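Architecture at a glance
This is what each chain is made of:
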Amino acid sequence: MKEKILQDHGVKILQGNEACALGALAADCLFFAGYPITPASEISEYLSKAMYLHGGSFMQMEDELASICAIIGARWGGARSMTATSGPGFSLMQEGIGYAVVSETPIVIIDVQRGGPSTGQPTAASQHDILQSRFGSHGDYELIALCPSTVQEAFDFTVRAFNLADQYRVPVIVLTDEIVGHMREKVVVPEKVELFEEHCVDCHRRYYQPDVDQIPPRIQFYQGHHVLVDGQLHDERGIRAGHIPTVSAAAVNHYCNKIRSNCSDICSTSNYFLDGAEVVVVAYGSVSRSALSAVRQARDQGINAGLLKINTVWPSPEEDIVAACLPARKVIVPEMNVGQYAREIERLVGRDKVLRLPSLGGELHHPSVIFRKISEV
Amino acid sequence: MRITIDEKWCKGCGLCIAACKRQVLAFGDNYNTSGYRLPEAVNAIHCTGCRMCEYMCPDLCVSLDK
Amino acid sequence: MNNLAQKYLRQEALPLIFCPGCGDGIVLNCFIRAIDALGIRDDLGLVSGIGCSSWIPVYIDVDVVHCLHGRAVPLAEGLKMARPDKHVVVFSGDGDCFGIGGNHIIHAARRNIDITVIMINNYIYGMTGGQRAPTTPFEAITKTSPLGNDERPFDILSMMTGAGATYYARWTTAHPVQLEKAFECAITHKGLSFVEVMSPCPTQAGRTIFGIRSAVELMAWYKNNTYIMRKGAAPDPSEKRIPLGLLYQREDEIEYTKAVAQKRSVRI
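The notes below deal with the structure included here. This one's a predicted model, so the numbers in the text were calculated from it and none came from an experiment.

Things to note about the packing of helix H1 (residues 16-26) of chain A against helix H7 (residues 151-168) of chain A
All names here are of chain A. In the contact formed by H1 and H7, the axes pass within 8 Å of each other and the chain directions differ by 30 degrees. With respect to H7, the axis of H1 lies roughly parallel. Considering the relative orientation of H1 and H7, their crossing is right-handed. Each of Gly16, Ala19, Cys20, Leu22, Gly23, Ala24 and Ala26 in H1 lies in contact with H7, whose residues at this interface are Val151, Ala154, Phe155, Thr158, Val159 and Phe162. Of the residues that constitute the contact of H1 with H7, the class distribution is 10 nonpolar, three polar and no charged.

Given below as structure tokens:
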């Protein structure tokens, strides 16, 4: 990791979307391509000026399909790149995300979630893209998805997203929502950030060969390596291997294992009042704000409740979830969807223990709703 | 001019033969291991070195040398 | 393999998957000569979509992205923006470029971004077995128009010039000398350069659209049904053959990476 001094640091009041944009600039993002979509347009608007001031480029593409492909192209040209969208645009980007997985291209996608499905509720928040972020593209793969719940986290997680993308050569999704995206809060922009420094080895012709940490080294165009980047399953030289079952199987295993086996480094959760908790609330994103209020209220009233806040929804922090939830009597999973992440919790700790608490229609759970559920249990 | 046909890669399409204005090339009696009929230089002395056969080959296997 | 092929082909990707007599191999042949003449090997990024012609750059030993169907152009735009000083060339088929990729190519033309798009037009979707394409002639027989194509084909020249491209050249693979020169000029031109290469597909289009099974006969059809348009000549309405040559060029339009660079130097 190398240190980067941020010129413009200090305490600021920022909008969530602005914070994502600033996080990208802090992480040396030099290319942004996007398409306007409520509620993510502010990110494009901010970067349409800021990118030029930072020596980068901004492109408003003709659609999301072009956006995701443009950022993949820019990355191979050597520029860290990002796009921002919401549910419908995210659906369009899935093919491109799959391509980034197979070609092992590090990119960052901000998904400011809104009500779905389809055109849904363009101006209301939701957490509808949790499963789409994991399983949206065809085929077997793993990627990383971070879920900020405050504007500060929107900044920090975006910086982390770039580092994780480069380190694991994988697309990273930052799943905010219309609430976090549009709210304004105090943010402390640090004086220094740590950026992943890619190692570039002399790896002529075998640029997809994984290192000991299972990750292939950095490679980019115009350096004489004569790289072949392909979306077909390929061997370490980039040559297609779809007709060879062993090599194809190894490739798919590689895309999955390089994330799975590094879970302890990637996964992140935050614990609140989990000591001796009989009732554990598992939440992420905006909902975790209400959940924290509810848990505090419960503790004040003598109920042994705790909150496990998920920061990396994918890969799911299985160890942390099991450690927090197994000793508990009941686990409550409030989400702004019908229970997309609750399935994951149910898988890990058993359906009997888990209570889903969905809130649909774009309404964030009021803390009293979660508190009532905790008390009932 | 010496015209060489790479036997391994030739697909016997005949475009080199048709491209030549001087009928230098024609199909011979040899086949490669893929079963394609190979062209041969039957009138090499008429070759002007225009390289149309070299340029027209879709498999890049026709070479001209002095 | 001839000498240039030894120098420029990606040996581990061989053999060439092209059918006997396929025009794609001739495009590969011409393009290698062009980049050798220009000497731009390490300043070159090639991008292609999906299709037979999209395999052309895979065989060239330079930096190559073989990406998604129809998305070569936007990927190339991103690649160009990261390093505007380098050359980016797109290889795309008629279906890849104007079917699924139709939206992207017209916007790239509108931006007049300095990339070169080589569209290899075989009038059909060859790799998937011979289905009709946006350039398939009216009434032509294909696998998805067995009763005759009920759609009219695109007029690519009008579309590209209407959208804002500033260089348009059309040649066939029966004109390898001129084609190679056109590649050189297109790469050197600053702006969106579009080269349409009419290319024979003996296996699919030859059989069903043209009724010609022989590669040699199909190539002769391409040679005989086209003519080289003199520079500045007006189109002849009675001329039934397809015009070839440099059909459109403008040097005075602002190019996209220049417009962006101008803004970058303005401190607001």
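Remarks on the layout of surface pockets
All names here are of chain C. As a volume, the largest pocket reaches approximately 770 Å³. Taken together, 31 residues make up the lining of the largest pocket; nearest its centre are Asp155, Leu157, Arg170, Ile242 and Pro243. For the lining of the largest pocket, the secondary-structure elements that each account for two or more residues are helix H6 (156-163), strand S8 (193-198) and strand S10 (242-249). Considering only residue class, the lining of the largest pocket consists of 18 nonpolar, four polar and nine charged.

Some words on the pairing of strand S3 (residues 87-93) of chain C
All names here are of chain C. Of all the seven residues making up S3, six are buried; the element is thus mostly covered by neighbouring parts of the structure. Strand direction decides the pairing type here: strand S1 (residues 44-48) and S3, joined by five bridges, are parallel. Counted as the bridge partner of Leu44 is His87 from S3. Here five bridges tie S3 to strand S4 (residues 116-121), and the two strands are oriented parallel to one another. Looking across to S4, one finds that Val89 is bridged to Thr116.

Quick notes on the packing of aromatic side chains
All names here are of chain C. Following the criterion strictly, the structure yields 17 aromatic pairs over all chains and no others. Centroid distance Trp55 to Tyr59: 6.0 Å. Interplanar angle 35 degrees. Geometry classified as tilted. Here Trp55 matches Tyr59 in class, with each residue buried. Plain terms: the ring middles of Tyr123 and Phe210 are 6.5 Å apart, the flat faces sit at 75 degrees to each other, and that makes the pair edge-to-face.

A word on helix H11 (residues 287-300) of chain A
Residues that lie three or four places apart on an α-helix share one face, since the helix turns once every 3.6 residues. Residues and elements named next belong to chain A. Look at H11: 20 Å from first C-alpha to last across 14 residues, which is about the 20 Å you get at 1.5 Å a residue. Inspection of H11 places Val287, Ser288, Ser290, Ala291, Leu292, Ala294, Val295 and Ala298 among the buried residues, and these make up the whole buried set. Packing partners of the buried residues in H11 comprise strand S13 (269-272), strand S14 (279-283), strand S15 (305-310), strand S17 (330-335) and helix H14 (367-376). Following H11 by one or two positions, Gly302 has its phi on the positive side, about 85 degrees.

Details of empty space enclosed by the protein
The tally for this structure, following the rule as stated, stands at six cavities of 30 Å³ or more. Estimated volume of the largest cavity: approximately 90 Å³. Lining of the largest cavity is provided by 14 residues; of these, Cys10, Cys13, Cys16, Cys57 and Cys61 of chain B occupy positions nearest its centre. Across the lining of the largest cavity, the residue classes tally to 10 nonpolar, two polar and two charged. Of the voids in this model, the second largest cavity is the one considered here, and its volume is about 60 Å³. Contributing to the lining of the second largest cavity are Arg75, Trp76, Thr105, Pro106, Arg169, Glu198, Arg218, Ile219 and Gln220 of chain A. Class assignment of the residues belonging to the lining of the second largest cavity gives a composition of three nonpolar, two polar and four charged.

Rules of the game
Residues numbered from 1 in each chain as written. Chains lettered and ligands numbered in written order. Predicted model: local features only at pLDDT ≥ 70, side-chain atom pairs only at ≥ 80, totals over all residues. Heavy atoms only, no water. Axes fitted to C-alpha atoms, helices over the stretch in contact; angles between N-to-C directions. Helix = DSSP H or I, 4+ residues; strand = E, 2+ residues; numbered from the N terminus. Parallel < 35°, antiparallel > 145°, perpendicular 65-115°, else oblique. Left-handed = near helix turned anticlockwise from the far one by under 90°. Contact = heavy atoms within 4.5 Å. Nonpolar A, V, L, I, M, F, W, Y, C, P; charged D, E, K, R; others polar. 1 Å grid on protein atoms, 1.4 Å probe; cavity = no way out; pocket = protein on both sides within 12 Å on 5 of 7 lines; lining within 4 Å. Points joined across faces, edges and corners; volume = space filled by probe spheres on them. Buried < 20%, exposed > 50% of the residue type's maximum accessible area, 1.4 Å probe, protein only. Pairing = 2+ DSSP bridges. Phe/Tyr/Trp six-rings, centres within 6.5 Å; stacked < 30°, edge-to-face > 60°. Expected span 1.5 Å × (residues − 1).

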